[in-house]
Amino acid sequence: MKISILVPTLSAGSGEKSKKLQLYSYWTSSCAFRVRIALNLKGLEYEYKAVNLLKGEERDPEYLKLNPLGYVPTLVDGDAIIADSFAIIMYLEEKYPQRALLPQDLQKRAINYQAANIVSANIQPLQNLAVLKYIHEKVGPNEATPWGQSHIRKGFEALEKLLKDYAGKYATGDEVYMADLFLAPQIHAAIKRFEVDMNQFPTLLRVFEAYQELPAFQDAMPEKQPDATG
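All figures in this text were calculated on a predicted structure; none of them were measured in a lab.

1. Side note on the overall build of the chain
- Scanning the chain for helices and strands turns up 9 helices and 4 strands.
- In the chain, the order of α-helices and β-strands from amino to carboxyl end is β-α-β-α-β-β-α-α-α-α-α-α-α.
- Put simply, the chain has 230 residues, and 51% of those count as buried.
- When contacts within the chain are restricted to residue pairs at least 6 apart in sequence, long-range pairs at least 24 apart make up 67% of them.
- Here the chain displays about 11500 Å² of accessible surface, and carbon together with sulfur accounts for 53% of that area.
- If the 26 positive side-chain charges of the chain are averaged to one point and the 28 negative ones to another, these points end up 3 Å apart.

Take a look at the structure:
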């Protein structure tokens, strides 16, 4: 199956390029999940472009022109092509300042960066599909899940300590910020895919339950995406 890559074109008679955002995503990707939340919070409409990782569509030559690493998500905004969820979220924050994703307070902002980085650099890469497949094939079929669980727990232990003095209703207070965008998908994956007991992490569990009340988070859930397979 080939991915349909939409290249921005000139609007008839206007001379302006289409402003429609395009998000290349896969429904279970926690990285894409983060970006969907950001887009929802900022009220930005976008076209969902599914990239089926189980079928290897991320290795399609046309997709690799957009994202040389062959990962999801990728955002196309006019002439701008941005890969990597952290870069996409920062791009959205700077170009579309409505509904800020970062607090003004510099210390609290730094905590948001730190929490987001713990997830994006120290948890998610160690339990993504490619790594688990490698563990399954090279180490043993029963080792992939324990591997993922161990790295999730290590990261959650650090997050629990980091956020205990900052958390309010959400991760760093009573407003949703960047840290929440990274926490929600990772906790969702921990519960649904890795069966991690979240009672060990009361702060994380409490804020995750608060996310369930927010339409921007709920509309970004994997099962609500166009390519969800159940």
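2. Considering the pattern of salt bridges
- Going through the model one piece at a time under the given rule, you end up with 6 salt bridges.
- Across the pair Glu93 and Lys42 runs a salt bridge, and its minimum N-O distance is 2.9 Å. Taken as a pair, Glu93 in helix H3 (residues 85–95) and Lys42 in the loop between helix H1 (30–41) and strand E2 (46–50) lie far apart in primary sequence, 51 residues in all.
- On the basis of relative accessibility, which here comes to 13%, the residue Glu93 falls in the buried class.

3. A short note on the packing of H3 against helix H7 (residues 178–192)
- Following both chains from N to C, one finds H3 and H7 inclined at 145 degrees, their axes separated by 12 Å at the closest point. When you trace H3 past H7, the crossing you get is right-handed. Across the interface between the two elements, Ser85, Phe86, Ile89 and Met90 of H3 pack against Met178, Leu181 and Phe182 of H7.
- For the contact of H3 with H7, the class distribution of residues is 6 nonpolar, 1 polar and no charged.

4. As for the nonpolar core
- Of all hydrophobic cores here, the largest spans 70 residues; its most connected members are Phe156, Leu159, Leu181, Leu183, Leu204 and Tyr211.
- The element contributing the most residues to this core is H7, with 8 residues.
- Sequence-distant contacts of Leu181, defined by excluding residues within four places in its chain, comprise Arg34, Ile37, Ala38, Leu41, Ile89, Leu101 and Val176.

5. Details of the sheet that holds strand E1 (residues 21–25)
- The strand order across the open sheet formed by 4 strands is E2-E1-E3-E4, and the pairing between neighbours is mixed. Taken across any chain shown, the strands that pair with only one partner, and hence form the sheet edges, are E2 and strand E4 (80–83). Looking at each pair of strands side by side, their axes are set apart by 20 degrees on average, direction ignored.
- Across 5 bridges, E1 lies against E2 in parallel orientation. Along E2, the bridge assignment pairs Gln22 with Glu47.
- Of the strands in this sheet, E1 and E2 touch H1, which is tilted by about 155 degrees from E1.

6. Things to note about the packing of aromatic side chains
- Applying the stated criterion across every chain yields a total of 6 aromatic pairs.
- Ring centres of Phe156 and Phe201 lie 5.5 Å apart, and the angle between their planes is 80 degrees; on these two criteria the pair is classed as edge-to-face. With Phe156 in helix H6 (residues 144–163) and Phe201 in the loop between H7 and helix H8 (202–211), the pair connects residues that are 45 residues apart, well separated along the chain.
- The buried category is assigned to Phe156, whose relative accessible area is 0%.
- The exposure class assigned to Phe201 is buried, which follows from its relative accessible area of 3%.
- Taken together, a centroid distance of 6.2 Å and an interplanar angle of 5 degrees make the contact between Tyr170 and Tyr211 stacked. On the criterion of sequence distance, the pair formed by Tyr170 in the loop between H6 and H7 and Tyr211 in helix H8 is long-range, its members being 41 residues apart. The same class applies to Tyr170 and to Tyr211, which are both buried.
- Taken together, the aromatic side chains of Tyr170, Phe208, Tyr211 and Phe217 make up a single cluster linked through ring pairs.

Criteria and cut-off values
- Residues numbered from 1 in each chain as written.
- Predicted model: local features only at pLDDT ≥ 70, side-chain atom pairs only at ≥ 80, totals over all residues.
- Heavy atoms only, no water.
- Helix = DSSP H or I, 4+ residues; strand = E, 2+ residues; numbered from the N terminus.
- Buried < 20%, exposed > 50% of the residue type's maximum accessible area, 1.4 Å probe, protein only.
- Contact = heavy atoms within 4.5 Å.
- Areas by Shrake-Rupley, 256 points an atom, 1.4 Å probe, with all protein chains shown as cover.
- Lys, Arg positive; Asp, Glu negative; His and termini not counted.
- Charge placed at Lys NZ, Arg CZ, Asp CG, Glu CD.
- Salt bridge = Lys/Arg side-chain N within 4 Å of Asp/Glu carboxyl O.
- Axes fitted to C-alpha atoms, helices over the stretch in contact; angles between N-to-C directions.
- Left-handed = near helix turned anticlockwise from the far one by under 90°.
- Nonpolar A, V, L, I, M, F, W, Y, C, P; charged D, E, K, R; others polar.
- Core = buried A, V, L, I, M, F, W, Y, C linked by side-chain atoms within 4.5 Å.
- Pairing = 2+ DSSP bridges.
- Phe/Tyr/Trp six-rings, centres within 6.5 Å; stacked < 30°, edge-to-face > 60°.

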